[in-house]
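An overview of the molecular structure
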Amino acid sequence: MHRVIGERDLQTVDVSESEARAVLRDMVRARHFDERALALQRRGWMPGYPPFKGQEGSQVGAAHAMGDDDWLFPTYRSNAMQLARDVPASDILLFRRGHAEFHSDHDVQNFPQAVPIASQIPHAVGAGMAMDYAGDDDRAAVAYFGDGATSEGDFHEAMNFAGVFDAPVVFFCENNNWAISLPRERQTASDSIAVKAEAYGFEGVQVDGNDPLAVHETVAEALDDAKAGEPVLVESLTYRQGAHTTSDDPDRYRPEEEDLPDWRTADPLDRYADFLHEQGVVEDGFVEECFDEAEAEIDDAVDAAEAVGEPDVDELFDHVYAERTPRIDDQKAWLDGWLEDHDPQEMEF
Ligand SMILES: Cc1ncc(C[n+]2csc(CCOP(=O)(O)OP(=O)(O)O)c2C)c(N)n1
């Protein structure tokens with residue numbers, strides 16, 4: 001399955017005009033958040049940041065297809081998806097600043113962001129199986145991950161369990177063509193990532209990840225199937241426009257010209273805004289209006305995050321388990337001793 005936005009008009013998609021506008025608004029919010037977070041990191045406000053520029057269409061399209069009761073299992077890269085699901089921007093910023101308690105305390109069905117690659121995928125399957133055992137057939141779990149995660153055992157184990165137990169899970173692989181410096185063609189010799197689902201007994205589909213409406217439609221269908229006991233792997237083809245993180249320099253490994261079609265590397269925000277404009281769904285000035293709203297929202301989020309202050313090093317140990325274990329206590333005692341003789345502010349990293 002492969003859909004390209006230019007080939008159809010809005011009438012062929014099962015999305016209302018107001019929903020189509022809300023998707024654009026969330027893409028603009030996400031872009032503004034990403035730019036602001038990068039700027040905050042550059043002035044030392046937080047230690048590192050993984051930008052998602054170029055992936056807004058894929059993430060916001062998928063988030064809008066999910067119901068409030070569906071669970072998202074995100075990663076460090078899927079902030080656009082989390083923002084579109086109403087995770088407060090200040091929580092995401094605070095977590096990145098080192099405040100671990102802002103990791104999961106949300107009113108939305110949103111698991112903490114996974115940083116160990118692919119570890120969230122079996123969690124999503126476990127949650128899906130639990131929903132199924134509870135007779136909850138109107139909910140599903142969505143596991144978000146990148147192309148690199150598909151080389152991890154966790155991905156294969158999770159897919160295997162989902163296939164055997166008919167778990168209500170959508171595996172949402174955002175293929176941005178890079179896993180740090182490793183390009184997709186070196187990640188797997190398979191023709192696609194979607195094709196891997198076949199080995200586990202369920203469907204895999206590819207979608208143009210820079211077309212938010214195509215992603216919306218594909219994920220909505222996948223969620224319906226998953227809720228009926230048929231898990232689905234969705235491969236959303238998009239592109240990481242920026243660096244892997246603020247510690248990375250892609251100029252050292254990325255070719256100047258990518259061997260990828262234009263639709264893959266195009267800016268999804270410009271493309272979708274132009275599309276809605278051509279369809280008469282938004283008027284001149286809509287995007288600018290959304291940017292102004294986003295600026296005000298993110299300004300407030302930064303103020304709220306700043307009011308919390310800098311994290312205390314103790315927080316590192318407080319949220320590993322519900323209660324500290326003796327081993328965690330030992331680690332904390334070691335760090336306290338080390339800090340008596342060293343000043344991290346004076347160290348060079
Ligand atoms: C288990 C594990 N191994 C290695 C790493 C280091 N690491 C961080 S991001 C990354 C690449 C992930 O690429 P991909 O899954 O494509 O996701 P993307 O970063 O492109 O969103 C790696 C290897 C890690 N975080 N966890």
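Counting of residues starts from 1 at the beginning of each chain's written sequence and follows it residue by residue. This being a predicted model, a pLDDT of at least 70 is required before a residue's local features are given, and a value of 80 or more before pairs of side-chain atoms are given or counted; all residues contribute to the totals for chains, interfaces and linings. By convention in this description, side-chain values take in all heavy atoms of the structure and omit both hydrogens and water.

Here we take up the domain arrangement of the protein. Annotation of the protein at the domain level lists domain 1 (5-311) and domain 2 (312-349). The source of the domain bounds is an automatic or database domain assignment. The gap between the C-alpha centroids of domain 1 and domain 2 is 33 Å. Tallying the contact residues gives 6 residues for domain 1 and 4 residues for domain 2. Per-residue buried area on domain 1 facing domain 2 is highest for Ala100, Glu101 and Pro311; these three make up 84% of the total on that side. Each salt bridge in this description consists of a side-chain nitrogen of Lys or Arg and a carboxyl oxygen of Asp or Glu lying within 4 Å of one another. Here domain 1 and domain 2 share 0 salt bridges between them. Throughout this description, a polar contact denotes any pair of N or O atoms lying within 3.5 Å of each other; where both atoms belong to protein, one of them has to be capable of donating a hydrogen while the other can accept it, and for residues adjacent in sequence the pair is counted only when both atoms sit in side chains. Along the contact surface separating domain 1 from domain 2 lie 2 residue pairs in polar contact (both at pLDDT 80 or more). Residues are sorted three ways: Asp, Glu, Lys and Arg are charged, Ala, Val, Leu, Ile, Met, Phe, Trp, Tyr, Cys and Pro are nonpolar, and all the rest, Gly among them, are polar. Residues of the side of domain 1 that touches domain 2, tallied by class, amount to 2 nonpolar, 2 polar and 2 charged. Working rule for contacts: check all heavy atoms of both residues, and any pair within 4.5 Å makes them a contact. In this description, buried area is defined as the sum, over both parts, of the accessible area (probe of 1.4 Å) that is lost when the two are combined.

Time to look at the environment of Leu40. Summarising the element assignment, Leu40 is placed in helix α1 (residues 17-42). In this structure the C-alpha to C-alpha distance between Leu40 and Phe171, which are 131 residues apart in sequence, comes to 32 Å. Excluding its chain neighbours within four sequence positions, the residues that come into contact with Leu40 are Trp45, Met46, Leu93 and Val302. Put simply, DSSP H or I for four residues or longer makes a helix, DSSP E for two residues or longer makes a strand, and each gets a number counted from the N terminus.

The next thing to look at is the layout of surface pockets. Lining residues are those with an atom within 4 Å of a point, where the points come from a 1 Å grid over the protein atoms alone and group into cavities, where a 1.4 Å probe fits but cannot get out, or pockets, open sets with protein on both sides within 12 Å along at least five of seven lines. Grid points are joined across faces, edges and corners, and a volume is the space filled by probe spheres set on the points. The space that makes up the largest pocket amounts to roughly 940 Å³. Pro47, Arg96, Arg97, Gly98 and Pro311 are, among the 23 residues lining the largest pocket, the residues nearest its centre. Residue assignment for the lining of the largest pocket shows that the elements contributing at least two residues are α4 (89-97), α13 (315-318) and α14 (326-341). In terms of residue count, the dominant contributor to the lining of the largest pocket is α4 (3 residues). If you count residues domain by domain, the lining of the largest pocket takes at least three from each of domain 1 (5-311) and domain 2 (312-349). For the second largest pocket, the calculated volume is near 290 Å³. In this structure, the second largest pocket is lined by 23 residues; those nearest its centre are Tyr76, Ile117, Gly146, Gly148 and Ala179. If you list the elements that add at least two residues to the lining of the second largest pocket, you get β2 (141-146) and β4 (178-179). At 3 residues, the largest contribution of residues to the lining of the second largest pocket is made by β2. Per-class residue counts for the lining of the second largest pocket are 11 nonpolar, 8 polar and 4 charged.

Moving on: the confidence of the model for the protein. The predictor rates its confidence in each residue with pLDDT, a number between 0 and 100. Of the residues in the protein, 96% reach a pLDDT of 70 or more, and the chain-wide mean stands at 93. Between residues 1-7, whose pLDDT stays under 50, and residues either more than four places distant or in other chains, the model counts 22 contacts.

On to the nonpolar core, then. Buried Ala, Val, Leu, Ile, Met, Phe, Trp, Tyr and Cys residues form a nonpolar core when they are joined through side-chain atoms within 4.5 Å. In this scheme, a residue with accessible area under 20% of its type's maximum is buried, one over 50% is exposed, and one in between is partly exposed, where area comes from a 1.4 Å probe on protein chains only. Counting residues in each nonpolar core, the largest one holds 60 residues, and the members touching the most others are Leu24, Phe33, Met81, Phe172 and Tyr272. The biggest single contributor to this core is α1, with 9 residues. In contact with Met81, other than residues within four places in its own chain, are Gln59, Ala62, Ala63, Met66, Leu72, Val142, Tyr144 and Phe172. By size, the runner-up hydrophobic cluster in this structure holds 24 residues, among which are Ile121, Met131, Phe145 and Val169.

The sheet built from 5 strands is open, its strands ordered β1-β2-β3-β7-β6 with parallel pairing. Here the strands that pair on one side only, and so sit at the sheet edges, are β1 (71-73) and β6 (203-208). Looking at each pair of strands side by side, their axes are set apart by 20 degrees on average, direction ignored. Strand pairing requires that DSSP identify at least two bridges connecting the strands. Inspection of the sheet shows β2 paired to strand β3 (residues 169-175) by 6 bridges, in the parallel sense. Residue Ala143 lies in a different strand from β3, and its bridge partner there is Phe171. Each axis is a line fitted through C-alpha atoms, and for a helix only the stretch in contact is used; angles between axes span 0 to 180 degrees, taken between their N-to-C directions.

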